[in-house]
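# Structural features, examined
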Amino acid sequence: MKKQEFTFHNGVTIPSIGFGTWQIPNSEAYDAVTMALKNGYTHIDTALAYRNEENVGKAIRDFDLPREDIFITSKLPAQTKGYDETLEAFNETITNLGVDYLDLYLIHAPWPWDEIGKDCTEGNVQSWKAMEKLYNDGKIKAIGVSNFEIKHLQPILDQCDIVPMADQIPFYVGKDQEELLAFCKEHNIVVEAYSPLATGQVLDMPELKDMAEKYGVTVAQLAIRYCLERDTLPLPKSTHEGRIKQNRELDFEISDEDVKTLKKIRDVRK
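Worth saying up front: this structure is predicted, and the values here are computed from it rather than measured.

### A few points about the overall build of the protein
If you tally the helices and strands in the protein, you get ten helices and ten strands. In summary, the protein has a C-alpha radius of gyration of 18 Å against a globular reference of 18 Å for 270 residues, a match within 12%. In terms of overall dimensions, the protein has C-alpha extents of about 55 × 40 × 35 Å along its principal axes. When contacts within the protein are restricted to residue pairs at least 6 apart in sequence, long-range pairs at least 24 apart make up 73% of them. For the protein, the exposed surface amounts to about 12100 Å²; the carbon and sulfur share of it is 45%. Computing the positive centroid from 31 side-chain charges and the negative centroid from 45, the protein places the two 4 Å apart.

Below, the structure written as structure tokens:
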């Protein structure tokens, strides 16, 4: 890939494509992460809520790479809000993974998944302050959030000391989140693009099929490359080695004209 890494505002670098493990069961996570590492991924993304941290961590520990050469992200469960609760969840995560520190730790969502839209501002602020402590203690190299909109980010900026280094959001062809993207850029927050294939739903789009053929790439490669062209960090996932390999073979550029065409596509997900 042409762009090898992003740099957070604290100077920490993160590989420009990550391997996502959402919806990969613990029983399959060891083999999937091993295949990813074997095929050049050094950025692995998991979460306590995924229930696969144990085998994600085992695969990383068993692979022949030094710990410092692998970038590990995990997340505070969406329903966990509060200072002490965050410290406890973090300890559970690093125990599951079998590591001494995390490279990136995220608040998984601004509200519990079964109460989407609930105002958890105070809980998020207290969780963030706990994450600031963990960061200052050297247990996390970078801290951030996930699924946060501007209205969720602003209280963190107003009431806490450290600006989030990342916001991991759904971002793909048809869902560009332009206002949030601009806000994050203004505050030097790296945007990570999860579900860059819209959980597979972009793969059957005729416009993408035609454009991918023009570039001699797969639709998945085009969609993932689009995230990079928009200065976001994609997190594709797969349990098939061929696709895992293809998904980071992105040594091509999408023309400005074609990027504009892709930006005009509306969200395909229902």
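So that's the structure; there's more coming.
### Re helix α7 (residues 206–215)
Buried residues of α7: Leu-208, Met-211 and Ala-212, and no others. For α7, the angular spread of the buried residues around the axis is 105°, confining them to a single face. Relative to its buried face, α7 has exposed residues pointing more than 90 degrees away, namely Pro-206, Asp-210, Glu-213 and Lys-214. Contact partners of the buried residues in α7: α8 (219–229) and α10 (256–263).

### What to know about the packing of helix α2 (residues 53–62) against helix α3 (residues 83–97)
For any two helices packed against each other, the geometry is given by the interaxial angle and the distance between the axes. In the contact formed by α2 and α3, the axes pass within 7 Å of each other and the chain directions differ by 50°. Considering their axes alone, α2 and α3 lie oblique with respect to each other. Here α2 contributes Glu-53, Glu-54, Val-56, Gly-57 and Arg-61 to the contact with α3, which in turn contributes Thr-93, Asn-96 and Leu-97. A per-class count over the contact of α2 with α3 returns two nonpolar, three polar and three charged.

### What to know about the packing of aromatic side chains
Each aromatic ring pair is described using two quantities: the centre-to-centre distance and the angle formed by the ring planes. In this structure the tally under the stated criterion is six aromatic pairs. Between Phe-19 and Tyr-41, the ring centres sit 5.6 Å apart and the planes meet at 70°, which makes this aromatic pair edge-to-face. Of this pair, Phe-19 sits in strand β3 (residues 19–20) while Tyr-41 sits in the loop between α1 (26–38) and β4 (43–45), and the two are 22 residues apart along the sequence. What makes Tyr-41 buried here is its relative accessible area of 2%. Considering the side-chain rings of Phe-90 and Tyr-105, the 5.3 Å spacing of their centres and the 70° angle between planes classify their relative orientation as edge-to-face. Highlighted residues: Phe-90 in helix α3 and Tyr-105 in strand β6 (residues 104–107), separated in sequence by 15 residues. Across the pair, Tyr-105 and Phe-90 agree in class, each one buried. The aromatic ring of Tyr-41 is capped on one face by Arg-248, whose charged end is 5.6 Å from the ring centroid.

### Quick look at unusual backbone geometry
Phi is positive for Asn-188, close to 60°, though the residue is something other than glycine. Along the chain, Asn-188 falls in the loop between α6 (178–186) and β9 (190–194). With a relative accessible area of 44%, Asn-188 lands in the partly exposed category. The backbone phi angle of Ala-198 is positive, close to 55°, even though this residue is not glycine. Mapped onto the fold, Ala-198 is located in the loop between β9 and α7.

### Points about the sheet that holds strand β10 (residues 233–235)
Overall, parallel pairing links the eight strands, which are arranged β3-β4-β5-β6-β7-β8-β9-β10 in an open sheet. Every other strand in the sheet has two partners, leaving β3 and β10 as the edge strands with one partner each. Sheet analysis places strand β8 (residues 166–170) next to β9, joined by five bridges and oriented parallel. Each residue of the ladder has a partner; that of Ala-166, found in β9, is Val-190.

### Here we look at α10
The complete set of buried residues in α10 reads Asp-258, Val-259 and Leu-262. Down the axis of α10, the buried set is contained in an arc of 105°. They therefore lie on one face. Turned more than 90 degrees off the buried face of α10, the exposed positions are Asp-256, Glu-257 and Lys-260.

### Overview of the nonpolar core
Among the nonpolar cores identified, the biggest contains 89 residues, and Phe-8, Phe-19, Ile-44, Trp-128 and Leu-208 are the most heavily contacted of them. Take this core: its biggest share by element is eight residues, from α8.

Rules used throughout
The residue count restarts for each chain, going from 1 along the sequence in the order it is written. For this predicted model, a pLDDT threshold of at least 70 governs which residues receive local features, and a threshold of 80 or more governs which side-chain atom pairs are given and counted, while totals over whole chains, interfaces and linings are taken from all residues. Computation of side-chain values covers all heavy atoms of the structure but excludes hydrogens and water. In this text, helices come from DSSP runs of H or I with a minimum length of four residues, and strands from runs of E with a minimum of two, each type numbered from the N-terminal end. It is over C-alpha atoms that the radius of gyration is taken, and the globule rule equals 2.2 Å times the number of residues to the power 0.38. In this description, contact between two residues means that some pair of their heavy atoms is separated by no more than 4.5 Å. All accessible-area figures derive from a Shrake-Rupley calculation using a 1.4 Å probe, and residue coverage is judged against the displayed protein chains alone. Neither His nor the chain termini are counted; the positive set is Lys and Arg, and the negative set is Asp and Glu. To locate a charge, take atom NZ for lysine, CZ for arginine, CG for aspartate or CD for glutamate. The buried label applies to any residue whose accessible area, calculated with a 1.4 Å probe on protein chains only, is under 20% of its type's maximum; exposed applies above 50%, and partly exposed to all values in between. The directions from the helix axis to the C-beta atoms are what the arc is built from. Think of each axis as a best-fit line through the C-alpha atoms, taken over the contacting stretch in the case of a helix, with angles from 0 to 180 degrees between the N-to-C directions. By definition in this entry, angles of less than 35 degrees are roughly parallel, angles greater than 145 are roughly antiparallel, angles of 65 to 115 are roughly perpendicular, and the rest are oblique. Asp, Glu, Lys and Arg are counted as charged, while Ala, Val, Leu, Ile, Met, Phe, Trp, Tyr, Cys and Pro are counted as nonpolar; the rest, among them Gly, fall into the polar class. Put simply, two rings from Phe, Tyr or Trp (the six-membered ring, in Trp's case) pair if the centres are within 6.5 Å, and we call them stacked under 30 degrees between planes, edge-to-face over 60, tilted for the rest. A positively charged side chain is recorded as over a ring if its NZ (Lys) or CZ (Arg) lies within 6 Å of the ring centre. The angle to the ring normal must also be within 35 degrees. DSSP calls a pair of strands paired once it identifies at least 2 bridges connecting them. Only buried residues count toward a nonpolar core, which is a set of Ala, Val, Leu, Ile, Met, Phe, Trp, Tyr and Cys residues joined through side-chain atoms within 4.5 Å.

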